[in-house]
Amino acid sequence: MKRFLDLADFSREEILDLLALARRLEEHPEPRALAGKILGLVFFNPSLRTLSSFQVGMMRLGGQSFVITPGQGTWQLETRTGAIMNGAAAEHVREGLPVLASYADALGIRAFAEGKDLRHDLAETNFKAMSSVVDKPLINLESAMNHPCQALADWKTLEDLRVPQRAKFVLTWANHPRVTPLAVPAATVHMAAQRGMEVVVLRPEGFALPPEIMDKARAAAAASGGSVRETNDRSEALNGAHVVYAKEWGSTTHYGDSVGDATLRAGLTDWCVRENWFSKSASDCKFMHCLPVRRNVAVADEVLDGPRSVVQREAHNRLPAQMAVLHRMLSNGGAER
Ligand code: CP
């Protein structure tokens, strides 16, 4: 494996194979598998889980990692192609990333959406420009419109819990004080569709996922035998749900307009997931969220602390899922697969 940028680059069978490797590494640790290998981690945005789980994953496989947070102890890096660099950034990623890649065996990059121009972000303009100058194996640690590591861990969580392939999976919008990116909802709707689930995206008006994201998920569903639809009818969406996955995201009708977005969401404070949301769901309906989460804004304490919540398992699964990716990418013979 040379690149892990998008679950859509892999067949359903290849992902199940990767998850089998994740389970094998959980049961039979391989503390020397990546001895002598080095992973460079570049974080343009904050992280708790992605940062720590990749560092720990490398350590548990016998390798090492280094972390760069541009502008914090290192030069600030410019990411925009063609930028006139008379501002804070002292160095461009076109120089900086190849340097870092030359020191490492693989690189991971986190670079969120700029959040100004939906077309620019949907095209993954910045991430593609960065990946084009990296000649080593590359991992997407969350880009403008994708978070494949989270999606892989979430798929593993669904398998661990033996959630049936055709179960009803509801991705619901949740409130947040600020605009947040589309990367996780885009990756999640695609993951559940690729797994073959009945996927329902529940969101208020103004927060519909872009057609590009929905069409990609529908193509995955067509191949797996699943389905994907959107609604703003909460009662109908939750009826019979086996999994409710909450995520906050910014308005797509007011993309790049924080005032318009804030005005829209001011009337949506009831989009905080509460226990009474689950009255029409299957009795053992699970609750998922990728974290971090704003308690009692996006999700109520009673849900996060209750028996249906699997958010800790999801976060833990980042580790074995990513260890499988690292193993495929960096172990002897892994690069050929
Ligand atoms: N879910 C997730 O990616 O968490 P972090 O932002 O903390 O890495």
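Per-chain numbering applies: the sequence of each chain, read as written, is numbered from 1 onward. Side-chain atom pairs in this predicted model are given and counted only at pLDDT of 80 or more, local residue features only at pLDDT of at least 70, and totals for whole chains, interfaces and linings cover all residues. Each side-chain value is derived from all of the structure's non-hydrogen atoms; neither hydrogens nor water enter the calculation.

**Student:** With reference to specific residues and values, describe the pairing of strand 2 (residues 38-43).
**Tutor:** Taken across its 6 residues, strand 2 has 5 buried, putting it largely inside the fold. Note on handedness: a clockwise path from strand one over the helix to strand two, with the strands aimed away from the viewer, defines a right-handed crossover. The helix count covers DSSP runs of H or I at least four residues long, the strand count covers runs of E at least two residues long, and both are numbered beginning at the N terminus. Between the parallel pair strand 2 and strand 3 (residues 64-68), the chain is carried across by helix 2 (residues 49-60), and the sense of this crossover is right-handed. Each residue is assigned to one of three classes by its accessible area relative to the maximum for its type, calculated with a 1.4 Å probe on protein chains only: buried under 20%, partly exposed between the two thresholds, exposed over 50%.

**Student:** Which residues make up the site of the ligand, and what values go with them?
**Tutor:** Nearness is judged by heavy atoms alone; a residue qualifies as near a molecule or strand once a single heavy atom is within 4 Å of it. Taken together, Ser47, Leu48, Arg49, Thr50, Arg110, His147, Gln150, Cys290, Leu291 and Arg318 form the complete shell of residues around the ligand. Pairs of N or O atoms are called polar contacts if they sit within 3.5 Å, as long as, within protein, a hydrogen donor faces a hydrogen acceptor (for residues adjacent in sequence, only side-chain-to-side-chain pairs). One nitrogen or oxygen atom from the side chain of serine 47 is found 2.6 Å from an oxygen atom belonging to the ligand. In the model, an oxygen atom of the ligand is placed 2.8 Å from a nitrogen or oxygen of the histidine 147 side chain. Computed on the free molecule, the ligand has an accessible area of 250 Å², of which 93% lies beneath the protein chains in the complex. Its residues assigned to classes, the shell around the ligand shows 3 nonpolar, 4 polar and 3 charged. Using the Shrake-Rupley algorithm and a 1.4 Å probe, accessible areas are obtained, with residue cover drawn only from the displayed protein chains. Gly counts as polar in this scheme, as do all residues outside two lists: the nonpolar Ala, Val, Leu, Ile, Met, Phe, Trp, Tyr, Cys and Pro, and the charged Asp, Glu, Lys and Arg.

**Student:** With reference to specific residues and values, describe the sheet that holds strand 6 (residues 106-110).
**Tutor:** Sheet strands line up and pair through hydrogen bonds in the backbone, either parallel or antiparallel. For two strands to count as paired, DSSP must find a minimum of two bridges between them. Strand order in the open sheet formed by 5 strands is 1-7-6-2-3, and the pairing between neighbours is parallel. Because the sheet does not close on itself, it has two edges, and the strands there are strand 1 (3-4) and strand 3. Only heavy atoms matter for contacts: two residues are in contact if any of them lie within 4.5 Å across the pair. Only the contacting stretch of a helix is used when fitting its axis, a line to C-alpha atoms as for every element, and angles between N-to-C directions run 0 to 180 degrees. Where helix 2 meets the sheet, it contacts strand 2, strand 3, strand 6 and strand 7 (138-140), and its direction lies at approximately 175 degrees from that of strand 2.

**Student:** Describe the packing of helix 6 (residues 148-160) against helix 7 (residues 183-195), with residues and values.
**Tutor:** Where helix 6 meets helix 7, the axes come as close as 9 Å, and the angle between the chain directions of the two elements is 45 degrees. Considered as vectors, helix 6 and helix 7 are oriented oblique to each other. Crossing angle aside, the handedness with which helix 6 passes helix 7 is right-handed. On helix 7, the residues touching Ala151, Asp154, Trp155, Leu158 and Glu159 of helix 6 are Ala187, Met191, Gln194 and Arg195. Taken together, the residues of the contact of helix 6 with helix 7 break down into 5 nonpolar, 1 polar and 3 charged. An angle below 35 degrees is treated as roughly parallel, one above 145 as roughly antiparallel, one from 65 to 115 as roughly perpendicular, and anything else as oblique. In this scheme, a crossing is called left-handed if the near helix is turned counterclockwise away from the far one by less than a right angle; it is called right-handed if the turn is clockwise.

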